[in-house]
Amino acid sequence: MSQHSEWSPSSAERWIACPASIKLSRGVPPREAGEAAKIGTAVHALAEAVMLTGSAPSVFVGKEFEDVEITEEMAAWAEVYTDFAGELEKRMETSCLIEERLSIPNYAGADVYGTADLICFNDTDLVVGDLKTGRIRVDVEGPQLKIYALGALKKAPPTIENITLAIIQPTTEPEIRLAFMKKAELMDWSANVFEPALRATLAPFPKTVEGDHCRWCPARSKCPAKVARVETLAGVTEKNIDS
């Protein structure tokens, strides 16, 4: 199993919107991680260390995680996340799972898996949390956390009734955003959105759909929809110049 699934939950917004992006991205070399991504990885590693050792995030200021030196700001971000996790464990009277690898069941036959930052459950409630450090506000009701929740249900008791999705993003306001749904609602979303989207990506000739989701697509430079749009714009421009 490779580190990242082609159907990565973190890129689900893209492949749900554009089924062809899965096949088009095959063989495309991964982009080198930018500074923001490296900082995000370092803060995740810091938060994990804090939760495993019980130390305060400030203790690690000046130390390196994933080749990034931790600043006071990064430590403050990690503290928002670890405080949330700590309060969650107290309220639910259980221990949370951190950086948990999940395999997401589906009927389409797609190899969907990913690593959830935070999972916490008791007999009736499941909470799935994700730490974000970017400046672009992440929608808590997006597909990523719902897909993780589907995988987390495999580890949780079958008596789960309530699901909470949580985005912890200290770089935005509010820093913590929650969405609530019943287990039945999640399963309905799976049947009507997730499963059809997977089947669409596996079709012999999946559809290309252009939109905001193209921003992070590995195949954007060779996407037929993008190329056609550029050619159309070029044609219009040329016609305007000639006239």
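Scroll up to find the structure.
To keep things clear, this report deals only with the structure shown in the data block. Each chain has its residues counted from 1, following the order in which its sequence is written. In keeping with the predicted nature of the model, local features appear solely for residues at pLDDT of at least 70, side-chain atom pairs appear and are counted solely at 80 or more, and the whole-chain, interface and lining totals rest on all residues. In computing side-chain properties, one takes all heavy atoms of the structure into account and sets aside hydrogens as well as water.

### Description of helix α6 (residues 183-201)
Now for step 1: Secondary structure counts use DSSP, requiring at least four H or I residues in a row for a helix and at least two E residues in a row for a strand, with both numbered from the N terminus. Take the residue count of a helix, subtract one, and multiply by 1.5 Å to get its expected span. Taking 1.5 Å per residue as the helical rise, α6 with its 19 residues ought to reach 27 Å, and the 26 Å between its terminal C-alpha atoms agrees with that figure.
Now for step 2: Of all the bends found along α6, the most pronounced is centred on Ser190 and spans about 40°.
Now for step 3: Residues Leu186, Trp189, Ser190, Phe194, Glu195, Ala197, Leu198 and Thr201 constitute the buried set of α6.
Now for step 4: Its buried side turned inward, α6 meets α1 (12-17), α2 (21-25), α5 (143-152), β6 (162-168) and β7 (176-182). To obtain the bend at a residue, axes are fitted to the seven residues ending there and to the seven starting there, and the angle between these axes is taken. The rule is simple: take the accessible area with a 1.4 Å probe, protein chains only, and divide by the maximum for that residue type; under 20% is buried, over 50% is exposed, in between is partly exposed. It only takes one pair of heavy atoms within 4.5 Å for two residues to be counted as in contact.

### Structural notes on the pattern of salt bridges
Where charged atoms from two side chains of opposite charge come close, those side chains can pair.
Now for step 1: Within this document, salt bridges are pairs made up of a side-chain nitrogen of Lys or Arg and a carboxyl oxygen of Asp or Glu, the two lying within 4 Å of each other. All told, the structure shown has five salt bridges when counted by the stated rule.
Now for step 2: Between Arg135 and Glu73 there is a salt bridge whose closest N-O contact spans 3.7 Å. Of the two residues, Arg135 sits in the loop between β5 (125-131) and α5 while Glu73 sits in helix α4 (residues 72-92), which places them 62 residues apart along the sequence.
Now for step 3: Here Glu87 and Lys90 are joined by a salt bridge, their closest N and O atoms 3.9 Å apart. Taken together, the positions of Glu87 and Lys90, both in helix α4 and three residues apart, correspond to about one turn of that helix.
Now for step 4: Overall, Glu87 belongs to the partly exposed group, its relative accessible area being 48%.

### What about the pairing of β6?
Looking along a regular strand, one sees side chains alternate from face to face of the sheet.
Now for step 1: Buried residues dominate β6, accounting for six of its seven residues.
Now for step 2: Two strands are said to pair when DSSP picks up at least two bridges between them. Here β5 runs beside β6; their pairing, made up of seven bridges, is parallel. The partner of Leu126 across the bridge, within β6, is Ile163.
Now for step 3: Where the polypeptide runs from β5 across α5 and back to β6, its parallel neighbour, the crossover connection is right-handed. By convention, orient the strands away from the viewer: a clockwise path from the first strand over the helix to the second makes the crossover right-handed.

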